[in-house]
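A look at the structure
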Amino acid sequence: MDTSNAVHLLKCHAFAHDDMHRHKAEHGFLGSLRPFKGELREGNFHELMIVLRALEAKLGEPVLDREMITCLWSICQLGRAWAVEPEGMLRRNGLITDEQVDRMENWLDLISYAVMTLLGNGGEKEAFWGYREYISEKLDPLMAELDVLLEEKVMEDEIQELHENYKKQSGAEEERLAAFEAKFEVLLPEDFRSFYRHKDGSGYAFHVLYPGDAEAGEWPPYYLLSLDEMEETKSYFCERDELLAEYYSGEEIRELDPKIKPYLFHKKWFPFATMAGGSLYLMLDLDPSDQGTYGQIISYTHDPDFVYYVADSFTDLLQESNRNLSMMDEIEY
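Residues numbered from 1 in each chain as written. Predicted model: local features only at pLDDT ≥ 70, side-chain atom pairs only at ≥ 80, totals over all residues. Heavy atoms only, no water.

Structural notes on the overall build of the protein
Helix and strand counts for the protein come out as 15 helices and seven strands. Scaling as 2.2 N^0.38, a compact globule of 333 residues should have a C-alpha radius of gyration of about 20 Å, and the protein matches this with 21 Å. Here the C-alpha coordinates of the protein stretch approximately 60 × 45 × 40 Å along the principal axes. Contacts spanning at least 24 positions in sequence make up 63% of the contacts within the protein whose residues lie at least 6 apart. Carbon together with sulfur atoms contributes 49% to the accessible area of the protein, which is approximately 15,900 Å² in total. A gap of 7 Å separates the mean positions of the 32 positive and 66 negative side-chain charges of the protein. (Helix = DSSP H or I, 4+ residues; strand = E, 2+ residues; numbered from the N terminus. Rg over C-alpha atoms; globule rule 2.2 N^0.38 Å. Contact = heavy atoms within 4.5 Å. Areas by Shrake-Rupley, 256 points an atom, 1.4 Å probe, with all protein chains shown as cover. Lys, Arg positive; Asp, Glu negative; His and termini not counted. Charge placed at Lys NZ, Arg CZ, Asp CG, Glu CD.)

Listed below in structure tokens is the structure:
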């Protein structure tokens, strides 16, 4: 995410964009509170934290952008005034639950701490340590659950060998993750980074992700690529931009989920999982449409080639996958 995209998203979430009627503004961090429809959008919070990472250098400059600071101040002040304060419009009218109030207050604390630290040149590590703790509280139980499910569902000798190799698989160092981001000039979602700090891929053909609908028998298996394998894959897949319009009619393109930009291949899509022997990929979408969320999960399917929305985040993907895996008798190849 470059600075211009980060500022654009910041204006949308602060409901300060020139076009107030665009989807990202109306459904952004502040826009979704007025009017409030009963749902706090977790994706808005995570997108704001990515925006802050992208703006680290600008927030550390001796002369600050007044419009940018106004947006950040508005998010913290109005978010608290509308959703947290007892006399704010949402609590006063009984429109928000106590659990949602606590969640919003936590988000605002993490946002304001990151902004304060970056303004003081306190460094990225200090600015986002609380956010990374927040991510770990949600992701670590899912990772532990995955380990238990794999122990239960791996029965065949050949798969057990792959499982043993997976258990020995180390994670990626922070420097390696930073180098990947620098090479492709992107910021990886924090939950994805957190998982990869524990496991840098799952090893060839050891499927650990099962998105889809297990009850309907629709859950294609995927194994995780290492960062090195992601780099290699990027050299020949989604290394270029090709629009769906080059291959499909307008009617066919309308089948695309509105959260995804109308590409068939896109440089800002990063394949991180695939099926052994198949042409299926799970990808991080780091350039979603105005209705999507940075870091959402999409899939590419070959023959016929098309792109599908999968989940709002890597965390949601893992939660869905664990649920499906728990319904299976055993992992079969």
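Alright, that's what it looks like, and here's the rest.
A closer look at the pattern of salt bridges
Applying the stated criterion to the full structure yields 23 salt bridges. Note that arginine 53 and glutamate 124 form a salt bridge whose closest N and O atoms lie 3.3 Å from each other. Linking arginine 53 in helix α3 (residues 42-54) with glutamate 124 in helix α8 (residues 124-127), this pair joins segments that are 71 residues apart in sequence. Taken as a pair, arginine 53 and glutamate 124 share a single burial class, namely buried. A salt bridge links arginine 240 to glutamate 239; the nearest nitrogen and oxygen atoms lie 3.0 Å apart. What you see here is one network of salt bridges that share partners, running through Arg53, Glu124, Arg132, Glu174, Glu181, Glu190, Arg193 and Arg197. (Salt bridge = Lys/Arg side-chain N within 4 Å of Asp/Glu carboxyl O. Buried < 20%, exposed > 50% of the residue type's maximum accessible area, 1.4 Å probe, protein only.)

Details of the packing of helix α5 (residues 66-83) against helix α7 (residues 98-119)
Two measures define how a pair of helices packs: the angle their axes make with one another and the distance between the axes. Following both chains from N to C, one finds α5 and α7 inclined at 155°, their axes separated by 10 Å at the closest point. Considering their axes alone, α5 and α7 lie roughly antiparallel with respect to each other. Crossing hand, α5 versus α7: left-handed. Contacts between α5 and α7 pair Ile69, Leu72, Ile75, Cys76, Gly79, Arg80 and Ala83 from the former with Val101, Met104, Glu105, Leu108, Asp109, Ile111, Ser112, Val115 and Leu119 from the latter. Residue classes in the contact of α5 with α7 are distributed as 11 nonpolar, two polar and three charged. (Axes fitted to C-alpha atoms, helices over the stretch in contact; angles between N-to-C directions. Parallel < 35°, antiparallel > 145°, perpendicular 65-115°, else oblique. Left-handed = near helix turned anticlockwise from the far one by under 90°. Nonpolar A, V, L, I, M, F, W, Y, C, P; charged D, E, K, R; others polar.)

Considerations on the side chain of serine 226
Position of serine 226 relative to the elements: it lies in the loop between β1 (223-224) and α13 (227-234). Not counting the four nearest positions on each side in its chain, serine 226 is found in contact with Tyr196, Asp200 and Gly201.

Here's the deal with the nonpolar core
Ranked by size, the top nonpolar core spans 89 residues in total, and within it Phe29, Leu52, Phe195, Leu209 and Phe272 carry the most contacts. For phenylalanine 195, the residues in contact, after removing those within four places along its chain, are Leu139, Met143, Leu146, Tyr166, Leu224, Phe314 and Leu318. (Core = buried A, V, L, I, M, F, W, Y, C linked by side-chain atoms within 4.5 Å.)

Describing the pairing of strand β5 (residues 280-285)
In terms of burial, β5 is largely enclosed, as six of its six residues are buried. Residue alternation in β5 divides its side chains into two sets, Leu280, Leu282 and Leu284 and Tyr281, Met283 and Asp285, and both sets are buried. Bridge count for β5 against strand β6 (residues 296-301) is six bridges, and the pairing is antiparallel. Across the sheet, residue tyrosine 281 finds its bridge partner in β6, namely tyrosine 300. (Pairing = 2+ DSSP bridges.)

Here's the deal with a negative patch on the surface
On the surface, Glu156, Asp157, Glu158, Glu161, Asp329 and Glu332 cluster together to form a negatively charged patch. Secondary-structure assignment places glutamate 158 in helix α10 (residues 157-168). Judged by relative accessible area, which is 62%, glutamate 158 ranks as exposed. (Patch = residues over 30% accessible without salt bridge, like charges linked within 9 Å, V, L, I, M, F, W, Y side chains within 5 Å.)

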